[in-house]
Amino acid sequence: RRQRQMCIRDSNIPLVIRQTAFGYMLNLKKLILSNVKKCKGQVFNISWAGANPIEELYILSADTTSGEPHTISGNARTFAECPKLKKIYLCKDFMFNQYGKNDFYNTANMVDFQVEEGFHSLRLDISPSTLFSRETLVNILNNYADMTGKPTVKLTLGSENLEKLTDEDKLIATNKNITLA
């Protein structure tokens, strides 16, 4: 039977998701993960670029038992090469590696990107997709934590997405110490 949806939820086992962990699940459309400790490398990577069929990704929670800061970190190109990816939900403790880049490379079809209230990643680049509505972009800004007094956050939306925001919308980012690019 073909696996179309996978839900990994066990509050007792912190998940470390390694490179290519889901890369060859060619029928997987929806992935729901809980208690994620770390994503290492390009988790949907496969040898032929852009063949991954994942359409929805939900990271509902981070591991809080390790004694380390309660954050998950993705490396460069963590969710790259998922051209069918349309919907993402990230828990507030998911943080992208500040030195990585292109986490959503070749994901130009994303239309729904949600972050949990209090999201505090210092870097997020969702510029590959220009299909976001203004409402989706404003929800991201509203749900970002106030980063005042912390290192400046860089939220890369890309020029087409930035044009959708009003000056008032952009002020939400400014007031939370978030730099829009």
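All of these numbers come straight from a predicted model, not from anything done at the bench.

A.B. asks: Can you lay out the overall build of the chain for me, pointing to particular residues and giving the numbers?
C.D. replies: Looking only at helices and strands, the chain has three helices and twelve strands in total. Out of the 181 residues belonging to the chain, those deemed buried represent 44%. In the structure as shown, the chain presents an accessible area of about 9100 Å², 46% of it carried by carbon and sulfur atoms.

A.B. asks: Please provide a residue-by-residue account of the packing of aromatic side chains, values included.
C.D. replies: Each aromatic ring pair is described using two quantities: the centre-to-centre distance and the angle formed by the ring planes. Inspection of the entire model under this criterion finds two aromatic pairs. For the pair Phe 113 and Phe 132, a centre-to-centre distance of 6.3 Å together with 90 degrees between the ring planes defines the contact as edge-to-face. Note that Phe 113 is positioned in strand β9 (residues 112–115) and Phe 132 in the loop between β10 (123–125) and α1 (134–143), a separation of 19 residues in sequence. With respect to burial, Phe 113 and Phe 132 carry one shared label: buried. Taking 5.1 Å as the distance between ring centres and 80 degrees as the angle between the ring planes, the aromatic pair formed by Phe 119 and Tyr 144 counts as edge-to-face. Placement of Phe 119 in the loop between β9 and β10 and of Tyr 144 in the loop between α1 and β11 (153–156) is noted, with a sequence separation of 25 residues between them. When sorted by exposure, Phe 119 lands in the same class as Tyr 144, which is buried.

A.B. asks: Account for the pattern of salt bridges, naming residues and giving values.
C.D. replies: If you walk through the whole model with that rule in mind, you get two salt bridges. With its nearest N and O atoms 3.8 Å apart, the salt bridge here joins Asp 112 to Lys 87. Pair noted here: Asp 112 is in strand β9 and Lys 87 is in strand β7 (residues 87–90), with a separation of 25 residues, a long-range link. Residue class for Lys 87 comes out partly exposed when judged on its relative accessible area of 28%.

A.B. asks: Let's hear about the pairing of β9: which residues, and what values?
C.D. replies: It is a general feature of regular strands that their side chains alternate between the two faces of the sheet. Here β9 shows a buried face lined by Phe 113 and Val 115 and an unburied face lined by Asp 112 and Gln 114. As paired strands, β7 and β9 are joined by four bridges and run parallel to one another. Opposite Ile 88, over in β9, you have Phe 113 as the bridge partner.

A.B. asks: Explain the sheet that holds β11 to me, using residue names and the numbers behind them.
C.D. replies: Where strands meet in a sheet, backbone hydrogen bonds hold them as pairs that are either parallel or antiparallel. Spatial ordering of the open sheet is given by β10-β11-β12, a layout of three strands whose pairing is parallel. Strand pairing shows two members of the sheet lacking a second neighbour, β10 and β12 (178–180), which therefore form its edges. Mean inter-strand twist for the sheet, computed between neighbouring axes without regard to direction, equals 20 degrees. The pairing of β10 with β11 spans three bridges and is classified as parallel. Within β11, the residue paired with Arg 123 across the bridge is Lys 154.

A.B. asks: Any details on the nonpolar core? Residues and values, ideally.
C.D. replies: With 38 residues, the main nonpolar core has Ile 59, Leu 90, Phe 104, Phe 113, Leu 124 and Ile 126 as its most contacted residues. For this core, the secondary-structure elements that each account for two or more residues are β3 (30–33), β5 (56–59), β7, β8 (94–96), β9, α1 and β11. Here this core takes four residues from α1, the largest share from any one element.

Conventions we followed
- Residues numbered from 1 in each chain as written.
- Predicted model: local features only at pLDDT ≥ 70, side-chain atom pairs only at ≥ 80, totals over all residues.
- Heavy atoms only, no water.
- Helix = DSSP H or I, 4+ residues; strand = E, 2+ residues; numbered from the N terminus.
- Buried < 20%, exposed > 50% of the residue type's maximum accessible area, 1.4 Å probe, protein only.
- Areas by Shrake-Rupley, 256 points an atom, 1.4 Å probe, with all protein chains shown as cover.
- Phe/Tyr/Trp six-rings, centres within 6.5 Å; stacked < 30°, edge-to-face > 60°.
- Salt bridge = Lys/Arg side-chain N within 4 Å of Asp/Glu carboxyl O.
- Pairing = 2+ DSSP bridges.
- Axes fitted to C-alpha atoms, helices over the stretch in contact; angles between N-to-C directions.
- Core = buried A, V, L, I, M, F, W, Y, C linked by side-chain atoms within 4.5 Å.

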